[in-house]
Amino acid sequence: MSENILNLLNYTFFTNALLAALLASITCGIAGTYIVSRRMVFISGGITHASFGGIGIAWFMGINPVAGAAIFSILSAIGIEFVSSRSNVREDSAIGILWSLGMALGIIFIFITPGYAPNLMSYLFGSILTVGTTDLWLMTALAVFLILFFTGFYHLILFIAFDEAYARAHKAPVQLFKYLLISLVALTIVLNIRVVGIILVISFLTIPQSTANLFTHNFRNIILLSILIGIVGSVSGLLVSYYWNIPSGATIIFAFVILFALAKGFQVLMEKAMIRKQLNR
Amino acid sequence: MAGIFEMHDVSAGYGSEMVLSNIRFAVDELDFIGVIGPNGGGKTTLVKLILGLIRPMQGNIVFQNPGERNLIGYLPQVSQTDKSFPITVLEVVLSGLMSLKRGFGAYGRNDFHKAREVLALMGIAQLEKKSIGELSGGQMQRVYLARAIVASPRLLILDEPNTFVDNRFEHDLYELLRELNKKMAIVMVSHDVGTITSYVKTIACVNRNLHYHKSNIITQSQLTAYNCPIQLITHGEVPHTVLGEHNHTHHHE
């Protein structure tokens, strides 16, 4: 089997897939930590599904579906952030509407487009083995930008995310950063749809972070640890997907869940051992 | 103008609902104001106005030095903060210095020194690497107070600082505020009138309107005149100057 894995590295599609897994782990590790810390999982789910509308419209108009999804999801992200800053609209209801509207638009436009309809399954469940060079360049650009942005503005991002009222009272550029960050979250989601698909991308943004959060409560450490967990989970998911011919998105998420379960079990055992040690003393 | 800010006939609220109407209020340097009033009377709205979190519907607020960056330190209600946010104690305290940073950049060695100094003053220096979710209510209050004063503001605003804290910390807190008051003005919102009046210098009664009482001694009949329906309850051994002498027996009926 190890020989097989080494042989696989000779195939461009496989090295591309490995690179995609690495880049997805970095981008989702950073953006996901922000999402989980700020309790924006539901908003992110809304943005993810709304982006399907962009894919459908782009397909209908004959432009690149990823570009369509990017525009559509950034606009819906900014829309949700705008709505949630006004207290008289129920944010969760607005997200629910956008969520289903995006899916409906996507399906309608794909079906009324004459000729060949794309494989919907690859958007819904992802296909990491067909990631192309353009996708990789885009993901690399996003990863570099996210690393620079979160390094350069680390303290300001924490300041605003942790206590928005306090930051606003001290004249920090709260609204600007919220729009910037939600747009980066939207871009992260869209560029990772190729890897794990619309239905599963939210897991890439939450499961590694929740696993990391079992062991550390430090924002920076959660980012680093969830990138590591992302790499381990996505590469093992990728291998399972390749050998058993199962959609890669599903196997990657399954690997994440197994890692989470192992980590949780380990944590419980550690706690029990600690208690026993204290009792015996 | 000797005050830190003045409010001129300010009305404020949310949507179409007006919570405060025609408020005149000023905070002088080194004043220590206890803000009291019934729930829903507009105490928190007053705080939001001062912090600039909401704008007046009518009237205006004039600050003496509008551009000043370390003007206000603020201790929010504990319930308003996210206890599971992954942030360390030191990072929280450092964020109190953020407004002093040009371009909101990174912290320098001096900032770390200041933050640690304030943590030591609060007696929680050993907690700096803990994340806030691991702290008790009293420890958390100390961390937020450290954040509020680390930049040495001219005005410190405290919103219900005595909720969720044990009696011992409450006592320490008030003693600390007395010390801080030598260097900064303090506005403290509290529902616990009996305790705070022995520490504050003046009292503001807020119930849609605001009545500023230039003394820390206030009687039930004055409260009634101010349309401020709260009971003056005193707590055991805590020294209190709430009631004028002649009212003391009346109060216990």
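In this convention, every chain numbers its residues from 1, walking through the sequence in written order. Both sets of labels track the order of writing: A upward for chains, 1 upward for ligands. In view of the model being predicted, local features appear only for residues whose pLDDT reaches at least 70, and side-chain atom pairs are presented and counted only at 80 or more, with totals across whole chains, interfaces and linings using the full set of residues.

A. Layout of the overall build of chain A. The helix and strand tally for chain A stands at 13 helices and zero strands. Helices and strands appear in chain A in the N-to-C order α-α-α-α-α-α-α-α-α-α-α-α-α. Principal-axis analysis of the C-alpha atoms places the extent of chain A at approximately 75 × 60 × 30 Å. Within chain A, the proportion of its 281 residues that are buried is 47%. Placing a C-beta atom from the backbone of each residue, one calls two residues in contact when those atoms lie within 7 Å. Summarising the internal contacts of chain A: among those between residues at least 6 apart in sequence, 73% fall at separations of at least 24. Strands here mean DSSP runs of E at least two residues long; helices mean DSSP runs of H or I at least four residues long; both are numbered from the N terminus. Exposure in this text rests on C-beta crowding, where 20 or more other C-beta atoms within 10 Å of a residue's own make it buried, 12 or fewer make it exposed, and counts in between make it partly exposed. The C-beta atoms are placed from the backbone.

B. Layout of the sheet that holds strand β8 (residues 202–207) of chain B. Residue and element names in this part refer to chain B. Ordered in space as β5-β6-β7-β3-β8-β9, the six strands form an open sheet in which the pairing is mixed. Two strands bound the open sheet, and with one partner strand each, they are β5 (72–75) and β9 (209–213). Averaged over all pairs of adjacent strands, the angle between strand axes in this sheet comes to 15 degrees, irrespective of strand direction. Two strands make a pair as long as DSSP finds a minimum of two bridges between them. As judged from the five bridges shared by strand β6 (residues 155–159) and strand β7 (residues 185–189), these two strands associate in the parallel manner. Residue pairing across strands places Leu-156 opposite Ile-186, the latter belonging to β7. The sheet strands contacting helix α4 (residues 137–149) are β5 and β6, and the helix crosses β5 at an angle near 170 degrees. What counts as an axis is a line fitted to C-alpha atoms, over the stretch in contact for a helix, and the angles between N-to-C directions run from 0 to 180 degrees.

C. View of the interface of chain B and chain A. Across the contact, 25 residues belong to chain B and 21 residues belong to chain A. Elements with a contribution of two residues or more to the side of chain B that touches chain A: β5 and α2 (89–95) of chain B. Sort the elements by how many residues they give to the side of chain B that touches chain A and α2 of chain B lands first, with three residues. Split into classes, the residues belonging to the side of chain B that touches chain A amount to 14 nonpolar, eight polar and three charged. As a working rule, the residues Ala, Val, Leu, Ile, Met, Phe, Trp, Tyr, Cys and Pro are called nonpolar, Asp, Glu, Lys and Arg charged, and the rest polar, with Gly in that last group.

D. Geometry of the confidence of the model for chain B. Residues and elements named next belong to chain B. Of all residues in chain B, 87% have pLDDT values of 70 or greater, and the mean over the chain is 82. The predictor rates its confidence in each residue with pLDDT, a number between 0 and 100. The lowest-confidence element of chain B is helix α8 (residues 248–251), averaging 38 in pLDDT; the highest-confidence one is α2, averaging 94. Low pLDDT (under 50) marks residues 235–253, which in the prediction has 29 contacts with non-local residues, meaning those over four places away or in another chain. Scored by ipTM, the complex comes to 0.83, with pTM at 0.86.

E. Here's a closer look at the domain arrangement of chain B. All names here are of chain B. When cut into domains, chain B gives domain 1 (1–52 + 154–253) and domain 2 (69–153). Contact residues are listed per partner, giving 17 residues for domain 1 and 15 residues for domain 2. For the side of domain 1 that touches domain 2, the element with the most residues is β6, which contributes five residues. In terms of residue class, the side of domain 1 that touches domain 2 is built from eleven nonpolar, one polar and five charged. All domain edges in this entry derive from an automatic or database-based domain assignment.

F. Spatial organisation of the packing of helix α3 (residues 41–61) of chain A against helix α11 (residues 201–213) of chain A. Residues and elements named next belong to chain A. Put simply, α3 and α11 touch, their axes get as near as 9 Å, and they point 160 degrees apart. The orientation of α3 with respect to α11, classified from their angle, is roughly antiparallel. Between α3 and α11 the crossing geometry is right-handed. In this structure, α3 uses Val-41, Ser-44, Gly-45 and Thr-48 to contact α11, whose residues at the interface are Val-201, Ile-202, Leu-205 and Thr-206. Here the contact of α3 with α11 is built from residues that sort into four nonpolar, four polar and no charged. With respect to orientation, any angle under 35 degrees is reported as roughly parallel, any angle over 145 as roughly antiparallel, any angle of 65 to 115 as roughly perpendicular, and every other angle as oblique. We call a crossing left-handed when the near helix sits turned anticlockwise from the far one by less than a right angle, and right-handed when that turn is clockwise.

G. A look at the sheet that holds strand β2 (residues 17–28) of chain B. Residues and elements named next belong to chain B. One open sheet accounts for three strands, arranged β2-β1-β4; its pairing is antiparallel. Of all the strands in the sheet, just β2 and β4 (58–63) have a single pairing partner and so form its edges. Ignoring strand direction, the axes of neighbouring strands in this sheet form an average angle of 15 degrees.

H. Main features of unusual backbone geometry. Residue and element names in this part refer to chain B. Its identity as a non-glycine residue notwithstanding, Asn-22 has a phi of 50 degrees, on the positive side. On the secondary structure map, Asn-22 appears in strand β2. The phi torsion at Leu-30 lies on the positive side, around 60 degrees, for a residue other than glycine.

I. Representation of the environment of Val-144 of chain A within the structure. Relative to the assigned elements, Val-144 of chain A resides in helix α7 (residues 133–152). Each C-alpha atom of the pair Val-144 of chain A and Gly-29 of chain A lies 13 Å from the other, and the pair is 115 residues apart in sequence.

J. Quick look at the packing of α11 of chain A against helix α13 (residues 248–280) of chain A. Residue and element names in this part refer to chain A. Where α11 meets α13, the axes come as close as 9 Å, and the angle between the chain directions of the two elements is 15 degrees. By the angle class used here, α11 and α13 are roughly parallel. Handedness of the α11/α13 crossing: left-handed. From α11, Ser-203, Ile-207, Pro-208, Ser-210 and Thr-211 reach across to α13, where they touch Ile-253, Phe-256, Val-257, Leu-259, Phe-260 and Ala-263. Classifying every residue of the contact of α11 with α13 gives eight nonpolar, three polar and no charged.

K. Expanded view of the pairing of strand β1 (residues 3–14) of chain B. All names here are of chain B. As defined by bridge partners, β1 adjoins β2 across eight bridges and the pair is classed as antiparallel. Paired with Val-10 across the strands is Ile-23, a residue of β2. Between β1 and β2, which pair antiparallel in sequence order, lie two residues; one of them, Gly-15, sits at a positive phi of approximately 60 degrees. The pairing of β1 with β4 spans five bridges and is antiparallel. Bridging from a neighbouring strand, Ser-11 pairs with Gln-58 of β4.

L. Inspection of α3 of chain A at higher detail. All names here are of chain A. For α3, spanning 21 residues, the distance from its first C-alpha to its last is 31 Å, which sits close to the expected 30 Å at 1.5 Å a residue. Counting buried residues in α3 gives 17 out of 21 residues, a clear majority hidden from the surface. In the stretch just after α3, Gly-62 is the one whose phi turns positive, near 75 degrees. A helix is expected to span 1.5 Å for every residue after the first.

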